[in-house]
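Remarks on the overall topology
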Amino acid sequence: MYSVQRTTAWGGRGLFSIANIPAGTLLHTSSPYASVVYASYKKEVCAHCFAYAYESQKSTWNIKTSFDGSSSYFCSDICKDDWNSTDGLMSQALAALDKLEKTMKKKPMIDMETISPPEHGSITLEEIDSAWKRAEKTSKRAIAKEPLTEIELDTARLLASAVVRRHIDTYPNADSNTIPGTSWPQFLQLQDNELLYTQASPYSLSSNLRIYLFVRNALWFRIPVLQPYLETSDTIRAILARDQGNSFGLFEMDGESEMLGYAIYSSASYFNHDCNPNVRKERQGRSMSFYAKRDIVPDEELCINYVDIEDVVTARKALLSKGWYFDCACLRCHTELENSRKLLD
Ligand SMILES: C[S@@+](CC[C@H](N)C(=O)[O-])C[C@H]1O[C@@H](n2cnc3c(N)ncnc32)[C@H](O)[C@@H]1O
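In short, a report on the structure. Quick caveat, the model's predicted, so the values are computed rather than measured.

Here's the deal with helix α9 (residues 313-324)
Since there are 3.6 residues in each turn of an α-helix, residues three or four apart along the chain are aligned in direction. For α9, with 12 residues, the first-to-last C-alpha span of 16 Å sits near the 16 Å given by 1.5 Å per residue. Where α9 is concerned, the buried positions are V313, R316, K317 and L320. Relative to the axis of α9, the buried residues are bounded by an arc of 95 degrees and lie together on one face. Opposite its buried face, α9 presents the exposed residues T314 and K322, each directed more than 90 degrees away. At its buried positions, α9 is contacted by β11 (272-273) and α10 (331-344). Y325 lies just past α9 and shows a positive phi near 60 degrees.

A short note on the packing of aromatic side chains
Evaluated as defined, the whole model comprises 14 aromatic pairs. Judged by centre distance (5.7 Å) and plane angle (85 degrees), the rings of F248 and Y265 are edge-to-face. Taken together, the positions of F248 in strand β9 (residues 248-251) and Y265 in the loop between β10 (259-264) and β11 put the pair 17 residues apart, joining distant regions of the chain. Like Y265, F248 is buried. Pairing F248 with F290 gives two aromatic rings, centres 6.1 Å apart and planes at 70 degrees, and the pair type is edge-to-face. With F248 in strand β9 and F290 in strand β13 (residues 287-292), this residue pair connects regions lying 42 residues apart in the sequence. Using a relative accessible area of 9% as the deciding quantity, one classes F248 as buried. We classify F290 as buried; its relative accessible area is 0%. Put simply, the rings of F248, Y265, F271 and F290 touch in pairs and so form one group of aromatic residues. Against the face of W220 rests K140, its NZ or CZ located 4.6 Å from the ring centre. Positioned over the ring face of F221 is R141, at 3.8 Å from the centre of the ring.

Side note on the site of the ligand
Around the ligand, a shell composed of 16 residues is seen, among which R13, Q191, N272, H273 and A329 lie nearest. In this structure, R13 approaches the ligand through a main-chain N or O atom, which is 2.8 Å from a nitrogen atom. Expressed as a share of its isolated accessible area of 570 Å², the protein-covered part of the ligand is 93%. Only α8 (234-246) and β11 provide two or more residues apiece to the shell around the ligand. When grouped by side-chain class, the residues that make up the shell around the ligand number eight nonpolar, six polar and two charged.

The rules behind the values
- Residues numbered from 1 in each chain as written.
- Predicted model: local features only at pLDDT ≥ 70, side-chain atom pairs only at ≥ 80, totals over all residues.
- Heavy atoms only, no water.
- Helix = DSSP H or I, 4+ residues; strand = E, 2+ residues; numbered from the N terminus.
- Expected span 1.5 Å × (residues − 1).
- Buried < 20%, exposed > 50% of the residue type's maximum accessible area, 1.4 Å probe, protein only.
- Arc of directions from axis to C-beta.
- Contact = heavy atoms within 4.5 Å.
- Phe/Tyr/Trp six-rings, centres within 6.5 Å; stacked < 30°, edge-to-face > 60°.
- Lys NZ or Arg CZ within 6 Å of the ring centre and 35° of its normal.
- Near = heavy atom within 4 Å.
- Polar contact = N/O pair within 3.5 Å; in protein donor to acceptor, adjacent residues only side chain to side chain.
- Areas by Shrake-Rupley, 256 points an atom, 1.4 Å probe, with all protein chains shown as cover.
- Nonpolar A, V, L, I, M, F, W, Y, C, P; charged D, E, K, R; others polar.

Right, here's the structure in full:
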């Protein structure tokens, strides 16, 4: 073990080294709690290990598992078998979402204005709570009038994978793989960004409520074993609150050009950002591994970079503020801003 979790100087939690760590050391490997491959990449990206067919000189993967007219694609039988170790629940859940999407127009619909609070400047937690409670009280068959966008449908798939994971952790079977560091209580320890994100982007609340109604309707009637996680909005709301700000993009292995989907790696979510990071991340199949970029001494904070560190300070800060809603507290930003202020004086 190379690190402990501690409170940082600016107040959040972070990971700190407890040893002299030579450059290149593997610090941590994490498996995803929940993941989604974007629908547009469904046939080209292995649903289990996220391998991109293009990188194996193929246009699509042809090993698949099908349930109720909905298919998931894999790079190997091993990945397919691992995926099916969820009792086929993942396939059932994705099929349920696909089915509802196709039949949406025939279902009772809810006008979101009846459950969304006014989208004014600084929404309060009480207003957010009450919007969720109102959504919760609607019929289990209700869905929002406005159809889900592609991005919202991908979020719905991420939620389904997290709900299935929660169920498998609660009732493990002989074949299912329990993953260290990814239990539901550990997931709940992640930073909850709901209030901050809703205040910064009020539209996200009605979007989240729409996704919730859709997922609840799809899973409630078709997969009764998942009903305990959908009876109230708590589970879906908790996942959405942590998805925002804690997810990792899934990129191609060769380069970081295309984002193929995203995943929540609970145990890896305590690496803060630094514009002069001492840790680099590398995806190895389904896992995300973290390596020391340089020699690290005891007590140093272990940080990765969330944005491109080649950008200038103003661009980095703007991206972190727009994407993660925080003001970067790293030494490099502080020094570079001080230097530019001195130049202006
Ligand atoms: C993935 S979490 C990292 C763990 C988090 N600090 C916690 O306590 O759970 C990302 C959040 O950490 C905080 N954070 C990360 N890097 C930061 C930095 N350089 N300056 C200020 N806040 C940072 C922000 O609140 C950000 O949304």
